[in-house]
Amino acid sequence: MERRRRLEESAVVGASPARVYALVSELRNMGRWSPECRAVWVRPGAGAGARFVGFNRRGPFVWFTVGRVVEAVPEREFVFDVGVFGLPIARWGYRFEAAGEGTLVTEFWEDLRSGGPRGRSADLLGTVFAGTNPARRVALNRAGMRATLAAIAETAAQGRPGV
């Protein structure tokens with residue numbers, strides 16, 4: 001059985017879990033925070049089941065992903081799956097825990113590509129459209145998660161509203 005790649009990064013944010021959850025669950029904010037995501041178009045609807053399209057760019061590479069929110073528990077957890085051309089790519093999520101007067105935010109990522117032809121197709125699409133082979137994806141995601149968490153913390157600390 002193939003082991004899936006997973007990552008977690010955490011940061012303490014100077015705002016309540018309710019505030020941080022509200023910022024993160026507004027998916028359009030990802031376009032401001034993520035080093036790869038440039039914009040998110042959200043279909044009408046909120047919470048678990050909500051669907052969206054992410055427009056991404058890294059250097060000269062441009063691609064889109066189609067996503068669906070799979071968990072939306074206010075002040076606790078927000079999770080979504082993304083794919084491309086019907087192929088599952090990744091699960092992204094955020095957990096929120098009170099930490100003194102702030103919130104410990106943990107961003108996590110799980111590679112949903114499996115072995116076999118579909119997994120190899122997803123890997124090939126990632127290499128062609130995102131310029132990222134599977135070996136580099138873990139390092140890029142770790143750096144991106146750290147940058148995203150820092151941007152979330154800055155937004156929350158400044159009291160700026162979401163999109």
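What this report covers is the structure whose coordinates are included nearby. Nothing here was measured: the structure is a model prediction, and the numbers come from that model. (Residues numbered from 1 in each chain as written. Predicted model: local features only at pLDDT ≥ 70, side-chain atom pairs only at ≥ 80, totals over all residues. Heavy atoms only, no water.)

## What to know about the overall build of the protein chain
Quick note on the threshold: Here a helix means four or more residues in a row that DSSP labels H or I, a strand means two or more in a row labelled E, and each is numbered from the N terminus. For each residue, the accessible area found with a 1.4 Å probe, counting protein chains only, is set against the maximum for its type, and the residue is called buried under 20%, exposed over 50%, and partly exposed in between. The criterion used for residue contact is that any of the two residues' heavy atoms lie within 4.5 Å. Each accessible area value is a Shrake-Rupley result obtained with a 1.4 Å probe; residue values ignore everything except the protein chains displayed when judging cover.
The number of helices and strands found in the protein chain is four helices and seven strands. The burial tally for the protein chain puts 42% of its 163 residues in the buried class. Counting contacts in the protein chain only where the partners sit at least 6 residues apart, residues at least 24 apart contribute 52% of the total. Total accessible area on the protein chain is roughly 8,600 Å²; 56% of this is exposed by carbon and sulfur atoms.

## Comments concerning the environment of Arg28
Formally: Polar contact criterion, stated in full: a pair of N or O atoms within 3.5 Å, where within protein one must be able to donate a hydrogen and the other to accept it, and residues adjacent in sequence count only if both atoms are side-chain atoms.
By secondary structure assignment, the location of Arg28 is in the loop between helix 1 (17-25) and helix 2 (30-33). Assessed through its relative accessible area of 38%, Arg28 is described here as partly exposed. Taking the C-alpha atoms as reference points, Arg28 and Val40, separated by twelve residues in sequence, lie 5.0 Å from one another. There is a polar contact of 2.8 Å between the side chain of Arg28 and the side chain of Glu26.

## Quick look at the pattern of salt bridges
Rules: Salt bridges are defined by distance alone: a side-chain nitrogen of Lys or Arg within 4 Å of a carboxyl oxygen of Asp or Glu.
A complete count under the given rule lists nine salt bridges for this structure. The closest approach of N and O atoms between Arg6 and Glu110, which form a salt bridge, is 3.5 Å. Taken together, the residues Arg6 in strand 1 (residues 6-13) and Glu110 in strand 7 (residues 102-111) connect sequence positions 104 residues apart. A relative accessible area of 60% means that Arg6 is categorised as exposed.

## Some remarks on the nonpolar core
Cut-off, in case you're wondering: Definition of nonpolar core: a set of buried residues of the types Ala, Val, Leu, Ile, Met, Phe, Trp, Tyr and Cys, connected through side-chain atoms within 4.5 Å.
Counting residues in hydrophobic clusters, the biggest one holds 32 residues, and the most contacted among them are Val20, Val24, Phe78, Phe80, Tyr94 and Phe96. If you list the elements that add at least two residues to this core, you get strand 1, helix 1, helix 2, strand 2 (37-42), strand 5 (77-84), strand 6 (87-99), strand 7 and helix 4 (134-158). Residue contributions to this core peak at six residues, all from helix 4. Here Val20 is in contact with Val13, Ala15, Phe96, Thr103, Val105 and Ile152, once residues within four sequence places are set aside.

## Notes on the sheet that holds strand 5
Going by this rule: What makes two strands pair is DSSP finding at least two bridges between them. Orientation is described by axes fitted as lines to C-alpha atoms, over the contacting stretch for helices, and by angles from 0 to 180 degrees between their N-to-C directions.
Within the open sheet, the seven strands sit side by side as 1-7-6-5-4-3-2. Their pairing is antiparallel. At either end of the open sheet lies a strand with only one pairing partner, and these are strand 1 and strand 2. Each neighbouring strand pair of the sheet contributes to a mean axis angle of 25°, computed without reference to strand direction. Alignment of strand 5 against strand 6, held across eight bridges, turns out to be antiparallel. Across the sheet, residue Gly83 finds its bridge partner in strand 6, namely Pro88. Against the sheet, helix 1 makes contact with strand 1, strand 4 (61-73), strand 5, strand 6 and strand 7, and its axis sits at roughly 160° relative to strand 6, the strand it touches most.

## As for the packing of aromatic side chains
Using the following cut-off: Each pair of aromatic rings taken from Phe, Tyr and Trp, with Trp reduced to its six-membered ring, is defined by centres within 6.5 Å and is described as stacked if the planes are under 30 degrees apart, edge-to-face if over 60, and tilted in the remaining cases.
The full count for this structure, using the stated rule, is six aromatic pairs. Centre to centre, the rings of Phe52 and Phe80 are 5.4 Å apart; their planes meet at 85°, and the pair counts as edge-to-face. Taken as a pair, Phe52 in strand 3 (residues 51-58) and Phe80 in strand 5 lie far apart in primary sequence, 28 residues in all. For the residue pair Phe52 and Phe80, the accessibility class agrees, reading buried in each case. Their ring planes at 50° and their centres at 6.3 Å tell us that Trp92 and Trp109 sit as a pair that is tilted. Within this pair, whereas Trp92 is found in strand 6, its partner Trp109 is found in strand 7, the two being separated by 17 residues in sequence. Relative accessible area serves as the criterion here: at 17%, Trp92 is assigned to the buried category. A relative accessible area of 3% places Trp109 in the buried class.

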